[in-house]
Amino acid sequence: PVTSRKKFYNVRADIQDPSRYAALEQAGVLFLDREAVATYVFFDNRLFSYHVFVRDTDEAALDRQMREFLIGAFGTDFSAIEDETPLKMIWHHRDRLVNYWLFKEDLTLQQKYGAAYGVVYRPIEESIKN
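Let me begin by describing the structure that accompanies this report. (Residues numbered from 1 in each chain as written. Predicted model: local features only at pLDDT ≥ 70, side-chain atom pairs only at ≥ 80, totals over all residues. Heavy atoms only, no water.)

### A few points about the overall build of the protein
For step 1, the next point in the chain: The helix and strand inventory of the protein stands at 3 helices and 7 strands.
For step 2, the next point in the chain: Mapped from its N terminus to its C terminus, the protein presents α and β elements in the order α-β-β-β-α-β-β-β-β-α.
For step 3, the next point in the chain: Here the protein holds 130 residues, and 35% of them are scored as buried. (Helix = DSSP H or I, 4+ residues; strand = E, 2+ residues; numbered from the N terminus. Buried < 20%, exposed > 50% of the residue type's maximum accessible area, 1.4 Å probe, protein only.)

Take a look at the structure:
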């Protein structure tokens with residue numbers, strides 16, 4: 001189980017019963033030859049979203065490998081974010097929304113970068129509204 005629920009998702013104000021959500025975290029997963037942490041959020045026992053987090057000291061290599069993986073997995077129809085925010089790419093598919101972030105880690109002795117991608121399933125998102 002995830003210890004900090006708010007770190008990975010916000011319980012919507014219109015959902016008065018946060019027990020309808022469950023979050024699980026899996027550490028030590030190998031992703032792009034790096035140790036990763038995967039977080040899964042469920043709503044009414046159905047997968048609502050998942051996020052994968054990795055770290056590296058080489059920002060350029062991490063960014064390149066993440067982009068190659070994500071384009072291979074989700075396609076070339078994405079929006080690139082050109083400003084200096086951590087959000088770098090967004091895919092809007094009929095059934096899911098995918099985001100990619102690249103950010104500098106704070107408070108580390110050796111300069112490290114984090115990258116993450118998250119997938120939110122739209123049919124579940126729509127059912128939450130109802």
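Picking up after the structure, the text goes on.
### What to know about the packing of aromatic side chains
For step 1, the next point in the chain: Counted under the stated rule, the structure contains 10 aromatic pairs.
For step 2, the next point in the chain: Here Phe69 and Tyr117 contribute two aromatic rings whose centre-to-centre distance is 5.7 Å and whose plane-to-plane angle is 50°, an arrangement assigned as tilted. Linking Phe69 in helix H2 (residues 59-74) with Tyr117 in strand E7 (residues 113-121), this pair joins segments that are 48 residues apart in sequence.
For step 3, the next point in the chain: Grouped by ring-pair contacts, the aromatic residues Phe31, Tyr50, Phe69, Phe74, Phe78, Trp91, Tyr117 and Tyr121 constitute a single cluster. (Phe/Tyr/Trp six-rings, centres within 6.5 Å; stacked < 30°, edge-to-face > 60°.)

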